[in-house]
Amino acid sequence: MPPLPLDQPVDMDITVPRSGDLVTTEAQAENLTLVSGGPIKDELSSWRFTWAIENFSRLAKKVYSDDFYVGGFQWRILIFPKGNNVDHLSMYLDVADSTMLPPGWSRFAQFSLTVVNQIHNQYSIRKESQHQFNARESDWGFTNFMPLADLYDPARGFRVNDRCIIEADVAVRKPLDYWSHDSKKETGCVGLKNQGATCYMNSLLQTLYHIPYFRKAVYHMPTTENDMPSGSIPLALQSLFYKLQHSDTSVSTKELTKSFGWDTYDSFLQHDVQELNRVLCEKLEDKMKGTVVEGTIQQLFEGHHMNYIECINVDYKSTRKESFYDLQLDVKGCQSVYDSFDKYVEVEHLEHDNKYHAEKYGLQEARKGVLFIDFPPVLQLQLKRFEYDFMQDTMVKINDYYEFPLQLDLDRDNGKYLSPEADRSVRNLYTLHSVLVHSGGVHGGHYYAYIRPTLSNQWFRFDDERVTKEDAKRASEEQYGGEEELPNTNPGFNNSPFKFTKYSNAYMLVYIRDSDKDMIMCNVDEKDIAQHLRVRLDKELEEKEKKRKEKAEAHLYTIIKIARNEDMFEQIGKDKFFDLVDHDKVQSFRIPKQMPFILFKEKYAKEFHIPVPCQRFWLWAKRQNHTYRPNRPLTPQEETRPVGELREISNKASNAELKLFLELEIKQGFGFVPPPMKTKEDLLLFFKLYDPSQENLRYVGRLYVKASGKPLDIYSTLNQMAGFAVDEEIELFEEIKFDPRVMCEHVNEMLSFQINQVVRFRILAKPKEDEFSLELSKLHKYDDVVMKVAQHIGLSDPSKIRLTSHNCYSQQPKPQPIKYQGVEHLSDMLIHLNQTSDILYYEILDIPLPELQCLKTLKIAFHLATKDEVVLSTIRLPKQSTVEDVLNDIKSKVNLSHPDAQLRLLEVFYHKIYKIFPLSETIENINDHYWTLRAEEIPEEEKSLGPHDRLIHVYHFMKDTTQNHVQQIHNFGDPFLFAIHEGETLSDVKLRIQKKLHVTDHEFSKWNFAFVLHGRPEYLQDSEILCARFQRRDIYGAWEQYLGLEHTDHAPKRSYVVNQVSEVYNDYFSILQNRYPFEKPVKIYN
């Protein structure tokens, strides 16, 4: 079985949850051995810690290593051996003594975490990150470090004799006093608050704000005092810029994102800066039409270039003028911005089979290229740091070294970038204004910006809320990318250089033309800001200051809000229609946090003349369907606790208020009396009456019922509460949800109260949208549930429905569906960890689920022998079937070169063949998730190999020195098996390979051939006898020896034909044909 590749993509994952959140079980590992570590009291800038863990499979859910010291701080590794609610090993670096450190502490560290491969060390999995550790974020790392399936597979080499080895390389830099920093005081500027994943937007907005001409144009966009910022992009942007100009603290962007039409979910998606820049400018350009600032966007950012094709032998030239707001420059293969511009205008020669078809002249040799007609005053350069890697079949980030100058001369070399019609009187000399930086990997990261607002030598770093002064070297040279080598402070232990790839590097550059500086860097005065805007925003700032003062004292008090029966009678049908009460319109009390609740009850008794024994207070709870109900009464023990502690019990998400329901009982002639004794069997229900004839709603009261009772038992009581005759016919409904519309479900009068459950069903392919709701018994079995669903959707065969449970934390479907009859009751399907959901997902299969669970589904790529094409097939067979059965099934679905062709099944991983499956092997344990299964015809010559002939592996490869300047081999393309014969020379073999691969003589002459052993190529001579090299007849050691074909990877990709069985089982193929982009698309709706 193949080891994992070394070059895993870098993850930038969220911090691990604190104990008490998702995972509460905490235990130390047994038999943990500290193999190496630093002296306890030494303050080191870098260190390597090794942790050998015995009995790994028996570890608890959450395990810490021993502490080790780096930079004077105690550190430790935190792992979740079974995953932090994922199917991957989760691993983090943690500040061990974070709870003991003084307020305001912080420490910046670069680190890598490694799971050592104990069989093939070169296949160890290593991931790097960097983080500013502080009291709020004292741990950082990777939730999805590596798949658990690989970690626990003994053949993979990561766990040997139940022993796992983990390494941590940590380099610590000088600490920053993060929390006490006052950006306004230190820099005169303020930052922008991050809404969740809006750092990319913050860096762009700061850049645009610090272009004064742009800011002035935004201020002059027409708005009125009646406009609302959340519904007007111009007003929201004006408001934001005004606050950046006048506020003393960081500014929120929520009004602006609301004006975009974004919801909270959009704010937690990281988008692409370039795409947001384009979409925002297009929106502003549209909003500026017909106003005094029309054309500002074009005036600032628009340039033009000319695409041309010029024939060499005839007098014919085709040109096309195009405009641009920004330029995308290549980083890969370029050392600097000038290299990228050279590549941008590079002339392409159209010749041979690629001649240009010119009007009247037919096919002609020609030159094709791009030249610039004019550059804009503000030049925005987008650096292509992200691209699709066809060898790795994934998006990658290009962290290569790439220089950009402080002054950019685009008239260099006699204006070689300019077209003949360009105005040469305009001097295209630019000064660097801002550098937008991306820190992280392809799967996520962080954006911030370096800006010099006045184009002086003083730079500032804008990192969300924090603004700091920086020097020019930090803003420019340190953002070139490449690698950073740190000094090894303990050379006696490890002599290898301590290198880190610099994952922080420039992603977007903004230059301002020197001849336009006076216009662009103009003054923005108060008179540029509309009077109504100043009044509105000054009032907002006053309100903010008032709230700030209240907030400063808020930690001493708790707001208690008490809802009573009277509030429900007053509000329901007037102010409130769904749920029970508006808590902003009930009694409110500001109580010191340390006051015991029992004392508050006494104060309440004195003020409202309600004896303490007659008061029963209930805590409210928000339920899964977003309804809000009294949940349970306070216990006598809880009533002795301070109100501040009760507030935390009632609302862990937000400790602003303590909301209570006061239950009171009044007996005629006696006044207030103690509430009745409540048992676990008693349920408190609230009732509203809807009159369809009058179309009005009113509250009629509350009632205790027995959980085992039925609605039919209380009909007479409900009629009395409503003022009806005792035998009046009524119907009961339960409120289910109110968004996007109110939904009420009919209550079966014959079912008990306790076992009724309203379940919301969603299609698995649309996990955010409720399709319908059904009221079901919690005792329903799997067959009962799918029958109800089938009846509702009109499906004749319920057995074709498959259900998936809901993850209450991620708010997504669980990764694995519910197995047929794998759970006892509906109640079991709705439970996730300690939470109960009311959501189930369903999908419709093409065969019954019981039948499907007895089958094994494999995705297999069949390589046709007669043409360069791959047929992707999904094979579904009984689990006890053999590989021979699979191949027979494939034969019935594809076109073979001849009817008697024999097939074989291969396991291909990272362009290498790791296994040829025996025909007798059963398919139940074959895994196609991590590697590709390939079927192919066996060539006739392989069926009659002589005793000294060999069947060898042949792989395409090229050398790469981009990783740490160490030469590595990268395989690509389709590997194949090839028969070589006794006495055959390389020259003979080359002819047969050329014929097999259909390579032209011209191209084939550039290829080199090597015998590759353990990743090291040894180049071969044409006269060499190949069989002498390949002495082993074992063809399963794919990573040990093969014939390597060294050449550039520019062959056309195979076309893929999908032989679909059903939509449900072809997700893999749709991914092959429709790759996911790196970033989510940006949309501004308003």
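The rules we used
- Residues numbered from 1 in each chain as written.
- Predicted model: local features only at pLDDT ≥ 70, side-chain atom pairs only at ≥ 80, totals over all residues.
- Heavy atoms only, no water.
- Pairing = 2+ DSSP bridges.
- Helix = DSSP H or I, 4+ residues; strand = E, 2+ residues; numbered from the N terminus.
- Axes fitted to C-alpha atoms, helices over the stretch in contact; angles between N-to-C directions.
- Contact = heavy atoms within 4.5 Å.
- Patch = residues over 30% accessible without salt bridge, like charges linked within 9 Å, V, L, I, M, F, W, Y side chains within 5 Å.
- Areas by Shrake-Rupley, 256 points an atom, 1.4 Å probe, with all protein chains shown as cover.
- Salt bridge = Lys/Arg side-chain N within 4 Å of Asp/Glu carboxyl O.
- Lys, Arg positive; Asp, Glu negative; His and termini not counted.
- Charge placed at Lys NZ, Arg CZ, Asp CG, Glu CD.
- Parallel < 35°, antiparallel > 145°, perpendicular 65-115°, else oblique.
- Left-handed = near helix turned anticlockwise from the far one by under 90°.
- Nonpolar A, V, L, I, M, F, W, Y, C, P; charged D, E, K, R; others polar.
- Core = buried A, V, L, I, M, F, W, Y, C linked by side-chain atoms within 4.5 Å.
- Buried < 20%, exposed > 50% of the residue type's maximum accessible area, 1.4 Å probe, protein only.
- pLDDT = per-residue confidence, 0-100.
- Phe/Tyr/Trp six-rings, centres within 6.5 Å; stacked < 30°, edge-to-face > 60°.
- Expected span 1.5 Å × (residues − 1).
- Arc of directions from axis to C-beta.

### Quick look at the sheet that holds strand β57 (residues 1041-1046)
Here we have five strands laid out as an open sheet, ordered β54-β53-β57-β55-β56, and mixed in their pairing. Because the sheet does not close on itself, it has two edges, and the strands there are β54 (968-980) and β56 (1016-1019). Pairs of neighbouring strands in the sheet enclose a mean axial angle of 35 degrees, with direction left out of account. In this sheet, β54 lies alongside strand β53 (residues 950-960) in antiparallel orientation, the contact comprising ten bridges. Considered in β54, the bridge of V954 is made with F976. Along the sheet face, helix α24 (residues 986-997) touches β53, β54, β55 (1008-1013) and β57 and points at about 100 degrees away from the line of β54.

### Some thoughts on a positive patch on the surface
A contiguous patch of positive charge, built from K193, K254, K258, K544 and K551, is present on the exposed surface. Those elements giving two or more residues to the positive patch turn out to be α6 (254-259) and α14 (531-554). With respect to the helices and strands, K551 occurs in helix α14.

### Side note on the environment of P229
Positionally, P229 belongs in the loop between α4 (212-219) and α5 (233-246). Considering only alpha carbons, one finds P229 and L240, eleven residues apart in sequence, at a separation of 9.6 Å. In this structure, P229 is in contact with L235, A236, E255, S259 and R536, ignoring residues within four places of it in sequence.

### Considering the packing of α4 against α5
Where α4 contacts α5, the two axes come as close as 9 Å, and the packing angle between them is 125 degrees. In terms of orientation, α4 lies oblique with respect to α5. Judged by the twist between their axes, the crossing of α4 over α5 is left-handed. Contacts between α4 and α5 pair F214, R215, V218 and Y219 from the former with P234, L237, Q238, F241, Y242 and Q245 from the latter. Here the contact of α4 with α5 is built from residues that sort into seven nonpolar, two polar and one charged.

### Quick look at the nonpolar core
Grouped together as the largest cluster of nonpolar side chains are 59 residues, with contacts concentrated most on F214, L240, F241 and F301. In terms of residues, this core owes the most to one element, α5, which gives eight residues. When residues no more than four places from it in sequence are discounted, the contact partners of F301 are L208, I211, F214, C281, F324, Y325, P376, V378 and Q380. Membership of the second largest hydrophobic core comes to 39 residues, among which are F324, V337, Y402 and A422.

### So, the sheet that holds strand β11 (residues 303-311)
Here four strands make up an open sheet; going across it, the order is β12-β11-β17-β14 and the pairing antiparallel. The open sheet has two edge strands, β12 (317-324) and β14 (348-350), and neither has a second partner. Within the sheet, the average angular offset between the axes of one strand and its neighbour, ignoring direction, is 25 degrees. Bridge analysis of β14 against strand β17 (residues 366-374) gives three bridges, and the strand direction is antiparallel. Bridge pairing links H349 to R367 in β17.

### Quick notes on the pattern of salt bridges
Side-chain pairs of opposite charge can arise whenever the charged atoms involved come near each other. Per the counting criterion, the structure on display carries 51 salt bridges. Here R641 and E645 are joined by a salt bridge, their closest N and O atoms 3.0 Å apart. Because the salt bridges share partners, they merge into one network encompassing D342, R412, D413 and K416.

### Some thoughts on the packing of helix α3 (residues 199-209) against helix α8 (residues 273-288)
As a packed pair, α3 and α8 sit with axes 9 Å apart at the nearest point and diverge in direction by 50 degrees. Of the possible angle classes, the one that applies to α3 and α8 is oblique. Remark: the crossing between α3 and α8 carries right-handed chirality. Residues Y200, M201, S203, L204, L205 and L208 of α3 lie in contact with α8, whose contacting residues are V273, L276, N277 and L280.

### Re the confidence of the model for the protein
Chain-level pLDDT for the protein is 81 on average; 85% of the residues reach the 70-or-more range. A low-confidence stretch, residues 489-495 (pLDDT under 50), is modelled with nine contacts involving residues beyond four sequence positions or located in other chains. Residue range residues 1033-1038 is modelled with pLDDT below 50. Its contacts to residues more than four positions away, or to other chains, number 14 contacts.

### Regarding the packing of aromatic side chains
If you walk through the whole model with that rule in mind, you get 44 aromatic pairs. An angle of 65 degrees between the planes, with centres 5.3 Å apart, marks the rings of Y209 and F241 as edge-to-face. With Y209 in helix α3 and F241 in helix α5, this residue pair connects regions lying 32 residues apart in the sequence. For Y209, a relative accessible area of 7% puts it in the buried group.

### Concerning helix α20 (residues 782-793)
For α20, which comprises twelve residues, the first-to-last C-alpha distance of 17 Å matches the rise-based estimate of 16 Å (1.5 Å per residue) to within 8%. Of all the residues in α20, the buried ones are Y782, V785, V786, V789 and A790. With its buried residues spanning 135 degrees around the axis, α20 presents them on a single face. Backbone geometry just after α20 places G794 at a positive phi near 75 degrees.

### Description of a negative patch on the surface
A grouping of E526, D538, E542, E543 and E550 is seen on the molecular surface, where their side chains present a negatively charged patch. The residue D538 is located in helix α14 in this model.

### A look at unusual backbone geometry
Positive phi is not limited to glycine here, since N161 has a value of about 55 degrees. Positionally, N161 belongs in the loop between α1 (148-151) and β10 (164-172). A positive phi angle, close to 55 degrees, is found at Q811, a residue other than glycine. Looking at the secondary structure, you find Q811 in the loop between β43 (806-807) and β44 (812-813). Residue Q811 is classed as partly exposed on the basis of its relative accessible area of 37%.

### So, helix α19 (residues 715-722)
Listed as buried for α19 are Y715, L718, N719 and A722. Here the buried residues of α19 occupy an arc of 105 degrees about the axis, which is enough to place them on one side. Residues of α19 that are buried make contact with β36 (682-691) and β37 (696-706). Positive phi shows up at G723, right after α19, with a value of about 85 degrees.

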